[in-house]
Amino acid sequence: MLNISVQGRDARAVAEDVGGIEEVASVVLLLGTPQISAMIHARDRTHLHELISGPISVVAGIAKIEADVMLNIWKYRSDLARFDL
Amino acid sequence: MSDELDEIDRRIIEILGADGRTSNRSIARALGVVESTVRKRLKRLENQKAMRLAVVCDARVLQIEAFAFLRASVAPSHTRHVAQWLSSLDETSFVADAIGQYNVVALLSVHSRSELADTILEKLTVLDGINSVEIREIAGITKHRWDLVRIP
């Protein structure tokens with residue numbers, strides 16, 4: 001999960017750009033800093049690094065990225081979604 | 001899930017991703033293979049947890065409209081217990097162990113902000129081993145890929 005801090009651009013526009021990347025499974029807006037949280041599905045650490053240093057890093061307005069790397073997923077409820085997105 | 005998927009596997013998933021009720025016969029016809037091939041592959045894909053046919057419901061229909069990330073710093077000896085306990089709650093839709101300042105991360109998906117408050121203020125405070133908790137309330141959802149998940 002990437003915690004993205006935004007500077008100099010509307011956080012919603014940054015969220016849209018980050019969401020345009022295929023490996024990004026979800027993007028949500030937060031109140032405060034960081035303004036965006038994005039869930040990434042990477043194959044491995046190399047792939048994660050490629051995504052962060054590649055397509056994500058070039059999105060305008062990103063001031064800082066912090067990553068929570070998930071070691072073990074205990075619960076992933078997949079029957080809930082929003083169809084209006 | 002470990003085995004690599006070939007082109008036919010990917011096409012089957014693509015077709016069922018667009019319409020989960022497509023018949024094996026229609027898939028076979030679209031891919032130019034016999035129906036038994038589709039049936040066997042579907043069974044294998046489900047057995048190896050590469051895919052699953054499931055119902056996805058719009059959260060708003062269930063009046064689930066308040067979301068927040070919970071990040072907790074938990075004593076290492078209690079991590080497993082806390083993660084399992086969080087997983088058992090109806091209020092969580094995602095729970096994981098993580099590396100970093102916070103070693104347990106969960107997504108709370110509930111009906112309202114007051115339910116969010118109840119969960120955080122009543123239920124979490126009774127747990128042993130939690131040093132600190134950070135709540136990040138979600139103000140809006142930009143993207144949610146429900147075709148790509150972790151199958152436990």
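This text follows the structure it describes.
We now turn to the structure provided with this report.

Definitions and limits used
- Residues numbered from 1 in each chain as written.
- Chains lettered and ligands numbered in written order.
- Predicted model: local features only at pLDDT ≥ 70, side-chain atom pairs only at ≥ 80, totals over all residues.
- Heavy atoms only, no water.
- Phe/Tyr/Trp six-rings, centres within 6.5 Å; stacked < 30°, edge-to-face > 60°.
- Helix = DSSP H or I, 4+ residues; strand = E, 2+ residues; numbered from the N terminus.
- Buried < 20%, exposed > 50% of the residue type's maximum accessible area, 1.4 Å probe, protein only.
- Contact = heavy atoms within 4.5 Å.
- 1 Å grid on protein atoms, 1.4 Å probe; cavity = no way out; pocket = protein on both sides within 12 Å on 5 of 7 lines; lining within 4 Å.
- Points joined across faces, edges and corners; volume = space filled by probe spheres on them.
- Nonpolar A, V, L, I, M, F, W, Y, C, P; charged D, E, K, R; others polar.
- Buried area = accessible area lost by both parts, 1.4 Å probe.
- Salt bridge = Lys/Arg side-chain N within 4 Å of Asp/Glu carboxyl O.
- Pairing = 2+ DSSP bridges.

Attention shifts here to the packing of aromatic side chains. Each aromatic ring pair is specified by the distance between its two centres and by the angle formed by the two planes. Inspection of the entire model under this criterion finds one aromatic pair over all chains. With a centroid separation of 5.7 Å and an interplanar angle of 80 degrees, the aromatic rings of A:Y76 and B:F94 are classed as edge-to-face. In this pair, A:Y76 is assigned in strand β5 (residues 69-76) and B:F94 in strand β3 (residues 92-99), connecting two distinct chains. Residue A:Y76 shares its accessibility class with B:F94, and that shared class is buried.

Before going further, it helps to spend a moment on the environment of A:M70. Here A:M70 is to be found in strand β5. The spacing of A:M70 and A:M1 is 69 residues in sequence and 7.5 Å in space, taken between C-alpha atoms. Sequence-distant contacts of A:M70, defined by excluding residues within four places in its chain, comprise A:M1, B:F94, B:A96, B:D97, B:A98 and B:V105.

Rolling a probe over the atoms, with the probe sized like a water molecule, indicates the empty space that remains. Here the structure, examined in full by the defined rule, presents one cavity of 30 Å³ or more. Lining the largest cavity are 25 residues, with A:S26, A:L80, B:S93, B:L107 and B:H144 sitting closest to its centre. Those elements that place two or more of their residues in the lining of the largest cavity are β2 (24-30) and β6 (80-81) of chain A together with β2 (66-74), β3, β4 (104-110) and β5 (130-144) of chain B. Looking at the lining of the largest cavity, its residues break down into 16 nonpolar, five polar and four charged.

Opposite the 37 residues of chain A that make contact, chain B presents 40 residues. Each partner contributes to the roughly 4100 Å² buried at the junction of chain A and chain B, and carbon and sulfur atoms together form 60% of this total. The interface formed by chain A and chain B holds one salt bridge in total. Where A:D68 meets B:R71, a salt bridge forms, and the shortest distance between an N and an O atom there is 3.0 Å. At the level of elements, α1 (11-19), β2, β3 (36-40), β5 and β6 of chain A are the ones that each hand at least two residues to the side of chain A that touches chain B. Top contributing element to the side of chain A that touches chain B by residue count: β5(A), with eight residues. Of the residues in the side of chain A that touches chain B, the class split is 22 nonpolar, seven polar and eight charged. Direction of pairing for β5(A) relative to β3(B): antiparallel, over a ladder of six bridges. Looking at β3(B), one finds that A:V69 is bridged to B:I99.

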